[in-house]
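Structural features, examined
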Amino acid sequence: MWQIGNTTVRSALRLREGLIALKKSGQEGKIRGYEGELNMTLLLEKAGVIEIDKNKKKIDESIGRKWRGAMELMGFLNPKVRREDKSLQDQIGIFDHISPSGQRLIEAETLSGKNECHLRAMIAYFIDLNDLISRYGFKRKGLVLIDSNEPRYPFIFVLKILAYLDEFYGDSKITKVEMCLIIQCTDPKTNVEDVVSKILNFRKAKENSLAKNFDDEMIANKANEIGLEVGTFDDYSDTAFRYLKATGMVSSKGIDGIAIVPEKLINIKDIIQNFVIPKERINVYKRKSQGASLPTDLIENAYLNLKYLNKLISKKDNPPDILKVNKKDIKAVKIATQNHQKILENYKEKEFAEVQKNKTEEISMFLEMLLVNRTSRVKRTLSDGSIIVIPKGERAAYFEWTIWRTFLSLDSLTNEPWEARRFEIDQDFLPVNTAPGRGADVIIELQNIILVVEVTFTSSSRQEAAEGEPVRRHVADVIEKNKILSKKVYGLFMAINVDTNTANTFRLGEWYSKDDKKLALDIVPLALKDFKLIFDAVKDDPSKLTGYFKNFFENCRRTSNELEAPEWKAEIRKNSHLLVEKLLLHD
């Protein structure tokens, strides 16, 4: 069973953070072996890319090894070549140094730009026959191998399957179960028609089966047949889907599937048609470290793609005037293309924001899942049968993302949805990472107030040390930037449990600007369970909450100078419950 990506670094879009951290550290080439892998782990932790379990006596250096492995696998680091290819190292580049493909990803700023970097990497990603035999154990597990010494290209293999399904059956969708049971257990040299036939036979068998857990039974049977843990199938397919989606060519469809992004079908067909396997071994490696070329690298194709994007925008609004773009200047065409892609991304995010008012059951369930105190994966089933998940290790990112969605559901923001968040999202609007430092997690502008929202999972005395200064600074920064507006600025700090020392810092609510001017900060610390109670009270119509915010914050701040921190915390909770009562009576 072959693998795309790395199950430790499940989110392909996070690799960029790791590359930036490595570049800034100056430690390229010093990340191999025990000391090097420990070094890699620590530099990732220092940059805020990962969190290390402080309770463990020994730091797990394997984290650094797995991050390095993921970067190398995708061609973002120059590989360390072995066996008969060892003589090619000098032509490829110094191993464990950031490759040209990795540098391109570092420099990418927009989502579409990052998608393109991953697309180039995925096209170039290959598996050798020896890897199928030794690393993935195809012969040992009785999986069929095609007699060919050529490298295998899994991404091209998957694109061909999706395109074939789309062309002949009208729907390119494949499910995670189909990915792990059939596609990932098949040599990518296999005839695509044969693979599609297996997928269709599987679907027919499932449709005719009386078994309630048909997928689970099939996975258990396959796991027993080839000697793998049942959980491996879910891990491999989940990771594969994430890396596939990072290219921007496919997106989620339904509860557990992916399908071709409709406007990308023309690009996919061009990629398949123009793909060739390099004859020289050195060119296999060079394509991987430099990133594959794309059909749109040619000026004629690039301009045709720009015209296509322009036409898509014209269906929604007045598109930019591309007649002003020099169609013979590839740089000008690419800049115009990026602008078009950004416009389309913004349209989609607005559409996502607009439907959040109808997603209150899901949002509430995510809030409940965040209250589960564990870092492992948390999964729940909604009333319509759809499954939602907080993946392992991504709880902090999902905290910020869920809070952003709760405010989007109010359908009352005066700032744009992408202006309201400081964390990155992928093309399915899922969080890629937490918000970077030097700013708030979420900034919500309503008609009469601005909310500076900060969330954390830290607790006890560590909470005040980690959050006390940054939260106050972020609120003060927003106050300074919005002097010309007549809107009152409030800070909303949320944690599973609010430490009393943290509450005391925010109760005092003071900050001195660079010119020693004292600013009074109106920050309210709120336990997540109380926020959930408030949100649940308006699940039928979240917009009802909008008119109550200012009074709620004023009521909480009114007693901040009269009460000590423990009593003030109790007063905030009392105000939360009073607000819930008012909202439930609101019609």
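Residues numbered from 1 in each chain as written. Predicted model: local features only at pLDDT ≥ 70, side-chain atom pairs only at ≥ 80, totals over all residues. Heavy atoms only, no water.

1. Details of the overall build of the protein chain
Along the protein chain, the regular secondary structure elements total 24 helices and 11 strands. Taken over C-alpha atoms, the radius of gyration comes to 26 Å for the protein chain, in line with the 25 Å a tight globule of 587 residues would show. Considered along the principal axes of its C-alpha atoms, the protein chain spans approximately 80 × 60 × 60 Å. Burial analysis of the protein chain (587 residues in total) assigns 54% to the buried set. Within the protein chain, counting contacts between residues at least 6 apart in sequence, those at least 24 apart form 69% of the total. (Helix = DSSP H or I, 4+ residues; strand = E, 2+ residues; numbered from the N terminus. Rg over C-alpha atoms; globule rule 2.2 N^0.38 Å. Buried < 20%, exposed > 50% of the residue type's maximum accessible area, 1.4 Å probe, protein only. Contact = heavy atoms within 4.5 Å.)

2. So, the packing of helix α10 (residues 192-208) against helix α11 (residues 214-226)
In the contact formed by α10 and α11, the axes pass within 10 Å of each other and the chain directions differ by 125 degrees. Of the possible angle classes, the one that applies to α10 and α11 is oblique. Between α10 and α11, the residues in contact are F202, A205 and K206 and F214, D215 and M218, respectively. Residue composition of the contact of α10 with α11, grouped by class: four nonpolar, no polar and two charged. (Axes fitted to C-alpha atoms, helices over the stretch in contact; angles between N-to-C directions. Parallel < 35°, antiparallel > 145°, perpendicular 65-115°, else oblique. Nonpolar A, V, L, I, M, F, W, Y, C, P; charged D, E, K, R; others polar.)

3. With respect to the pattern of salt bridges
Working definition: two side chains of opposite charge can pair if their charged atoms are close together. Evaluated as defined, the whole model comprises 44 salt bridges. A salt bridge links E225 to K222, with the shortest nitrogen-to-oxygen separation between them at 3.7 Å. Of the two residues, E225 and K222 both sit in helix α11, three residues apart, roughly one turn of that helix. Salt-bridge contacts for K245 lead to D428; the nearest nitrogen and oxygen are separated by 3.2 Å. Placement of K245 in helix α12 (residues 230-245) and of D428 in the loop between α19 (417-420) and β6 (442-445) is noted, with a sequence separation of 183 residues between them. What makes K245 buried here is its relative accessible area of 12%. Connected through salt bridges with shared partners, the residues R10, K176, D235, D238, R242 and E394 form a single ionic network. (Salt bridge = Lys/Arg side-chain N within 4 Å of Asp/Glu carboxyl O.)

4. Side note on the nonpolar core
Membership of the largest hydrophobic core comes to 93 residues, with the highest contact counts inside it found for W2, I183 and L244. At nine residues, the largest contribution of residues to this core is made by helix α8 (residues 154-169). Once residues within four sequence positions are removed from consideration, L244 is found in contact with I4, M122, F155, V158, M179, V250 and I258. (Core = buried A, V, L, I, M, F, W, Y, C linked by side-chain atoms within 4.5 Å.)

5. What to know about the pairing of strand β3 (residues 257-260)
Looking along a regular strand, one sees the side chains alternate between the two faces of the sheet. As judged from the two bridges shared by strand β1 (residues 174-175) and β3, these two strands associate in the antiparallel manner. Opposite I174, over in β3, you have I258 as the bridge partner. Inspection of the sheet shows strand β2 (residues 250-253) paired to β3 by four bridges, in the antiparallel sense. Paired with V250 across the two strands is I260, which belongs to β3. From the end of β2 to the start of β3, which pair antiparallel, there are three residues, and G254 there has a positive phi angle of about 75 degrees. (Pairing = 2+ DSSP bridges.)

6. Considering helix α14 (residues 281-290)
Among the residues of α14, those classed as buried are I282, V284, Y285, R287, K288 and S289. Here the buried face of α14 lies against α3 (62-73), α4 (89-92), α5 (100-107) and α6 (111-124). Immediately downstream of α14, the backbone of G291 shows phi near 90 degrees, a positive value.

7. Notes on the sheet that holds β1
Here three strands make up an open sheet; going across it, the order is β1-β3-β2 and the pairing antiparallel. At either margin of the open sheet sits one strand with a lone partner, and together these are β1 and β2.

8. As for the sheet that holds strand β8 (residues 488-495)
One open sheet holds the four strands; their spatial order is β6-β7-β8-β11, and the pairing between them is mixed. Single-partner strands in this sheet number two, and they are β6 and β11 (523-527). For this sheet, the mean angle separating the axes of adjacent strands, direction not counted, is 25 degrees. The pairing of β8 with β11 spans five bridges and is parallel. Of the residues in β11, the one forming a bridge with G491 is I523. Strands in contact with helix α18 (residues 395-408) are β6, β7 (449-456) and β8; relative to β7, the strand with the most contacts, it is inclined by about 155 degrees. Each of β8 and β11 is contacted by helix α22 (residues 528-536), which is oriented at about 90 degrees to β11, the strand it contacts most.

9. A few points about the pairing of β6
Only one face of β6 is buried, namely the one carrying V442 and I444, since none of I443 and E445 on the opposite face is buried. Alignment of β6 against β7, held across four bridges, turns out to be antiparallel. Across the sheet, residue E445 finds its bridge partner in β7, namely I450. The loop that links β6 with its antiparallel partner β7 comprises three residues.

10. Here we look at α3
If you check α3, its first and last C-alpha atoms are 16 Å apart, about what 12 residues at 1.5 Å a residue would give, namely 16 Å. In this structure, the buried residues of α3 make contact with α1 (15-25), α2 (33-46), α7 (129-135), α12 and α14. After α3 finishes, the residue G75 shows a positive phi value of roughly 85 degrees. (Expected span 1.5 Å × (residues − 1).)

11. Considerations on unusual backbone geometry
Backbone geometry at D96 places phi at a positive 70 degrees, although glycine is not the residue there. Its location among the elements puts D96 in the loop between α4 and α5.

12. A word on the packing of helix α9 (residues 176-183) against α11
What describes two packed helices is the angle between their axes and the distance between those same axes. Running from N to C, α9 and α11 point in directions that differ by 25 degrees, and their axes come no closer than 11 Å. It follows that α9 is roughly parallel to α11 by the angle criterion. Note on packing geometry: the crossing formed by α9 with α11 is left-handed. The segment α9 lies against α11, with V177, C180 and L181 engaging D215, M218, I219 and K222. (Left-handed = near helix turned anticlockwise from the far one by under 90°.)

13. Notes on the environment of E45
Within the fold, E45 resides in helix α2. As a C-alpha pair, E45 and G18 span 27 residues in sequence and 9.7 Å in three-dimensional space.

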